[in-house]
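Geometric and topological summary
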Amino acid sequence: MNILITSSEIAQIPLKIEQKWNEKLIRVKSKPDKTSIILLGEILEILSNIEATFECKGVVEYDMFGGCDFSWNLFAGKYQISHRKNMEISESWQRVEEIDNHLNFSGLEEHSFYWNSKSGGLLYKMEIKIKNISEDQFNKILEIGNQLYSDFSIKII
C-alpha cells in the first residue's frame, strides 16, 4: 500500500505520547516541529519495530523574525531522517533568508519515503509519502496521526 499523509493543524500531544518523547525532545521548543518529529519517529518505529532515538544540535525554535539554526537526526534501526536548517533576517531587515535547509533520508529507499520538511501550523501543510506499507502499519500510522493532528489525513495513492 502507498500512502500520502497531509496535515497542518497540530493537536494537544496526549500525555502518554508526551511522556515517551519529552526527554528525547528537550531541545525542541517549537510545538509544530515537536509534533512532526514525534510523528516521524513513531512512523520509523512502526516501519522498523525498533524504538526511535533523537539527536539534536542547537535548539529547534524560531526567533521573532523566523530565524533559526539547528540540525537533528532521528534513528530507528536502519532508518534515519536528518534535517538541518539555518535561516536569518537579511542585513536590510527586509526578509528572512534561507541559508541552509537540508533533508536526508537513509535506509528508507524501499518505502520511497518523502517528507516536505514542513511541520504543520498556521502557514505550512505537512506532507509525507510512504510506499510499500502493510495494512497494520497503515492503521498504526492513522491512529498516531489522529492523536497528534486535528486534521490528519491519509490517502491511498
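Summarised in this report is the structure supplied together with it. (Residues numbered from 1 in each chain as written. Predicted model: local features only at pLDDT ≥ 70, side-chain atom pairs only at ≥ 80, totals over all residues. Heavy atoms only, no water.)

**What to know about the state of the cysteines**
What makes a disulfide is a covalent bond joining the sulfur atoms belonging to two cysteines. With the rule as written, the count across this model stands at zero disulfides. Note on C56: no disulfide assigned, nearest cysteine sulfur contributed by C68 at a separation of 11 Å. (Disulfide = S-S within 2.5 Å.)

**As for the packing of aromatic side chains**
One pass over the full model with this rule turns up six aromatic pairs. Ring-pair connections join several aromatic residues into one group, and the members of that group are F54, W72 and W115. Residue placement shows K24 over the ring face of W21; its charged tip is 4.5 Å from the ring centre. Against the face of Y114 rests K129, its NZ or CZ located 5.6 Å from the ring centre. (Phe/Tyr/Trp six-rings, centres within 6.5 Å; stacked < 30°, edge-to-face > 60°. Lys NZ or Arg CZ within 6 Å of the ring centre and 35° of its normal.)

**Remarks on the sheet that holds strand β1 (residues 3–7)**
Spatially, the four strands line up as an open sheet ordered β6-β7-β1-β8, and their pairing is antiparallel. Both outer strands of the open sheet, β6 (114–115) and β8 (153–156), are each paired with one neighbouring strand and no more. (Pairing = 2+ DSSP bridges. Helix = DSSP H or I, 4+ residues; strand = E, 2+ residues; numbered from the N terminus.)

**Topic: the pattern of salt bridges**
Applying the stated criterion to the full structure yields seven salt bridges. Ionic contacts of the salt-bridge type, sharing partners, join the residues K20, E42 and E45 into one network. (Salt bridge = Lys/Arg side-chain N within 4 Å of Asp/Glu carboxyl O.)

**Some words on helix α3 (residues 135–148)**
With 14 residues, α3 extends 20 Å between its outermost C-alpha atoms, agreeing within 8% with the 20 Å of an ideal straight helix rising 1.5 Å per residue. For α3, the complete set of buried residues consists of Q137, F138, I141, I144, G145 and L148. Looking down the long axis of α3, one finds its buried residues gathered within 140 degrees of arc, a one-sided arrangement. More than 90 degrees from the buried face of α3, the exposed residues found are E135 and E143. (Expected span 1.5 Å × (residues − 1). Buried < 20%, exposed > 50% of the residue type's maximum accessible area, 1.4 Å probe, protein only. Arc of directions from axis to C-beta.)

**Section: the sheet that holds strand β3 (residues 68–76)**
The strand order β2-β3-β4-β5 describes an open sheet built from four strands, whose pairing is antiparallel. Of all the strands in the sheet, just β2 (53–58) and β5 (96–106) have a single pairing partner and so form its edges. Taken over all neighbouring pairs, the strand axes of this sheet differ in orientation by 10 degrees on average, direction set aside. As defined by bridge partners, strand β4 (residues 79–89) adjoins β5 across ten bridges and the pair is classed as antiparallel. Along β5, the bridge assignment pairs Q80 with S106. (Axes fitted to C-alpha atoms, helices over the stretch in contact; angles between N-to-C directions.)

**Points about the nonpolar core**
Grouped together as the largest cluster of nonpolar side chains are 41 residues, with contacts concentrated most on I5, W72, L74, I128 and I141. Mapped onto this core, the elements with two or more residues apiece are β1, α1 (15–21), α2 (31–48), β2, β3, β4, β7 (126–130) and α3. Top element by residues in this core is α2. It accounts for eight residues. Ignoring anything within four residues of it in the chain, the contact list for I5 reads I43, M126, E127, I128, I130, I141, F152, S153 and I154. (Core = buried A, V, L, I, M, F, W, Y, C linked by side-chain atoms within 4.5 Å. Contact = heavy atoms within 4.5 Å.)

None of this, on its own, says anything about what the molecule does.
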